[in-house]
Amino acid sequence: MKYGGWMGKILRINLSSKRYRYEDLSEHLLVNYIGGRGFAIKFLWDELKPKTDPLSLENKIILATGPLSGVFLPGSGKLVVATKSPLTNGYGDGNIGGYISTSIKMCGIDGIIVEGKADKPIYLYITPDEVEFKNAEYIWGRGAIETDYILRKDYGNDIGTLIIGPGGENLVKYAVVITEYGRAGGRPGIGCVFGSKKLKAIVAKGWLDIPIADMDRLVDVTRRTIDFLKNQPNYDYWVSQGTMATVEWSQKNAVLPTYNFQENVFEEYKNIGGEIMSKMYKVMRKACFSCPMPCGNIVNVKKYRLWSELDYENVAMFGSNLGIGDMDAVSQLNYIADEYGIDAISLGNVIGFTIEAFKKGYIDKKMIGGLEPDFGDVDTIIELTRMVAYRRGIGDLMAEGTMRMAEKLGGDAYKFAMHIKGLEITAYNSHSAPGMALAFGTSPIGAHHKDAWFIAWELKIGRDVVSREKVEKLVLMQRIRGGLFEMFTICRLPWIELGLDLNYYVEMFEAVTGLKYSLEKMFKISDRIYNLIRAFWIREYGYWSRGLDYPPDRWFEHPPKTGPYKGITINREIYDKLLSYYYEIRGWDENGIPRKDTLIKYGLENVALELEKCGIKLK
Amino acid sequence: MRIVFNPLLCSGCKICQQVCSIVHFNSQNPTKARLKINTIFKPKGVVYHKSYICMACSDALCIQVCPTDALKRNRFGYIDVDVEKCIACWECTKVCPYNAIFMHPEIRYPLICDFCGGDPACVKWCPMGALSIRG
């Protein structure tokens, strides 16, 4: 490799034939797509036949690192896991931390493409020397954390793991992959695709050097960034609570999802907040690889004799969203979800939706096996979780996600099915925040805050503000979070939480790779990735319309009855105006389809041609 | 003088392992380190960070067992390896009571903490203050 950072190879594994080969990555791919999400969407676009069934033999799993992953700089332990999502039928990716990303790179590869389907459960053991296809029948059916423990007994602790639990095995559409005691990734059903391929786990053990263009400079910039982060006034607070402080923050700002997003404040928020977690429960800090500002909160739940790793999203979705004001119960639910390998965010949504649908008469007692679920009813909620993981009874329907549930239940159920494009909304209830709603609406994987956690900026700009400038800010945030950090494949939290200047990243990129890229140049690559992801969705759907970028009707029609923002909903016209600004800024037409000149501007002429071949009219 | 580890402060980030490999090999490679931190867990059970760090034992079994006198105690009480003398028999790694002598597939001698000439990089860089020097 003439540049540092990249290993320059991708490992292609076919589970059907049990063969694998290493392929060189072209320089064109490296400099135009950088890595991580860039690689993922490029491979999926190039290699998947249009309208591939996500659970078929033809779908592929892409694991991709970036040039800055696994390198000595803050938050480099990140990996993109991507596939065509069985939940949304569009592009789906997730970002997972821990030691797996570094391990993959130290195997001499930048990523892995998994193809085909095994006939019996297997797991992969990957080293720089070879790939072993191992029989996984003895761990099939076991929990994800338990499996991790078993694998570590065999391979030691210097490994990176990606594991599915019973959720993925039983094709729960929002199953995730789990690593290291409950770090999850791949909300749009990456675990489900693992399960469809009978792939229980990927274990990587690497030991090769990652090439660095200028080591002295990297050490220097890392010294300065760590010093900067540690000197921030909120550093100690962050290390003590991580993302859990957001519970109190969301309550204060009335965006805490409560009772399936009916309300945006929760009277018992203190019982599930960061304050009580850090004082009464937290026993350990846990960082991803190379992170000087650990956000992992390991809590000890004495009541249920278990340990669990908590963060805001999971706690809000199991806590306030299900009306549970009890840290013990929420931690237990979180542990169960991790062990089953099911996305806690979607699960919290699905159960909340089920409870509300039951109370409104869309689901009768017979259909739900005699249960009478209610908000705050922990035992029934745990029972429902089990039913989802094993697709028992109504769990079979619940495992399909809120979008398909609402279709099945009919009537007005779709109005309170809290998803966008099929992916359930994360823990920011946006009745009063049209900008955040737009961030969810335009996120490239369906409703997720990863690309634009816009709520914090929106509060500064003003919730009521409806302007092009506001949407420009949103696009900027997507360029940074969804573009820059996803293609470097490192953590965004040093920047967003502790204010690390982006110019540090320009410097890191130069020190690691030897390439001098300005922020503008990187944003252009980021836009290329966004356009390609949008093109992928359109190719898979065969059409596009504004409605697909809309949040659920609840945010327009069902005003919350409590809290400082009671009675407030988003005005449809305002949302529509913001969406039009968004399309304009992105260079997309009024239906959200990239214009031909936009695609050409980003070097995606062939993409334009293929879309036209699929019958999409480009303006 | 000894390097001391506090598991309650540690986050398991492995920055110590990275700087160790950079200082000794100018390599980005945490598996080339002379100390190791692992996060140990059991399902439903405890989770904790465990360190594997040379304790500079007074009786230093590694020195005693070396057949070619390749291991020597340095002035900080830690161990220097004479790579010319070492025959890669790995006897030292087997006797270390703390599992703190490491092997790397590409290196033909054991990796043992040498205390970085009096100013260990791992201690200096640990962002959590989990590593310190005592004595």
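Located above this text is the structure these notes cover.
Residues numbered from 1 in each chain as written. Chains lettered and ligands numbered in written order. Predicted model: local features only at pLDDT ≥ 70, side-chain atom pairs only at ≥ 80, totals over all residues. Heavy atoms only, no water.

(A) Inspection of unusual backbone geometry at higher detail. Residues and elements named next belong to chain A. The phi dihedral of Thr-489 is positive, around 60°, even though this residue is not glycine. Relative to the elements of secondary structure, Thr-489 occurs in the loop between helix H19 (468-488) and helix H20 (493-498). Assessed through its relative accessible area of 0%, Thr-489 is described here as buried. (Helix = DSSP H or I, 4+ residues; strand = E, 2+ residues; numbered from the N terminus. Buried < 20%, exposed > 50% of the residue type's maximum accessible area, 1.4 Å probe, protein only.)

(B) Representation of the side chain of Lys84(A) within the structure. All names here are of chain A. For Lys-84, the location among the structural elements is in strand E4 (residues 79-84). In this structure the side chain of Lys-84 is engaged in a polar contact, spanning 2.7 Å, whose partner is the backbone oxygen of Thr-52. Side-chain polar atoms of Lys-84 contact the side chain of Glu-540, separated by 2.7 Å. The residues touching Lys-84, leaving out its near neighbours within four places in the chain, are Leu-44, Leu-48, Lys-51, Thr-52, Pro-54, Asn-59, Lys-60, Asn-89, Gly-90, Val-193, Phe-536 and Glu-540. (Polar contact = N/O pair within 3.5 Å; in protein donor to acceptor, adjacent residues only side chain to side chain. Contact = heavy atoms within 4.5 Å.)

(C) Seen up close, the environment of Glu510(A). Residues and elements named next belong to chain A. Tracing the chain through its elements places Glu-510 in helix H21 (residues 502-513). When the C-alpha atoms of Glu-510 and Ser-278 are compared, they prove to be 38 Å apart, with 232 residues separating the residues in sequence. Once residues within four sequence positions are removed from consideration, Glu-510 is found in contact with Ala-213, Arg-217, Leu-515 and Lys-516. Of note is the side chain of Glu-510, whose polar atom sits 3.5 Å from the side chain of Lys-516.

(D) The sheet that holds strand E15 (residues 306-310) of chain A, seen in detail. Residues and elements named next belong to chain A. Here we have 3 strands laid out as an open sheet, ordered E13-E14-E15, and antiparallel in their pairing. Taken across any chain shown, the strands that pair with only one partner, and hence form the sheet edges, are strand E13 (282-286) and E15. The sheet shows a mean angle of 25° between the axes of neighbouring strands, direction not considered. As defined by bridge partners, strand E14 (residues 296-301) adjoins E15 across 5 bridges and the pair is classed as antiparallel. Bridging from a neighbouring strand, Val-299 pairs with Ser-308 of E15. Against the sheet, helix H12 (residues 327-340) touches E14 and E15, its axis set at about 85° to E15. (Pairing = 2+ DSSP bridges. Axes fitted to C-alpha atoms, helices over the stretch in contact; angles between N-to-C directions.)

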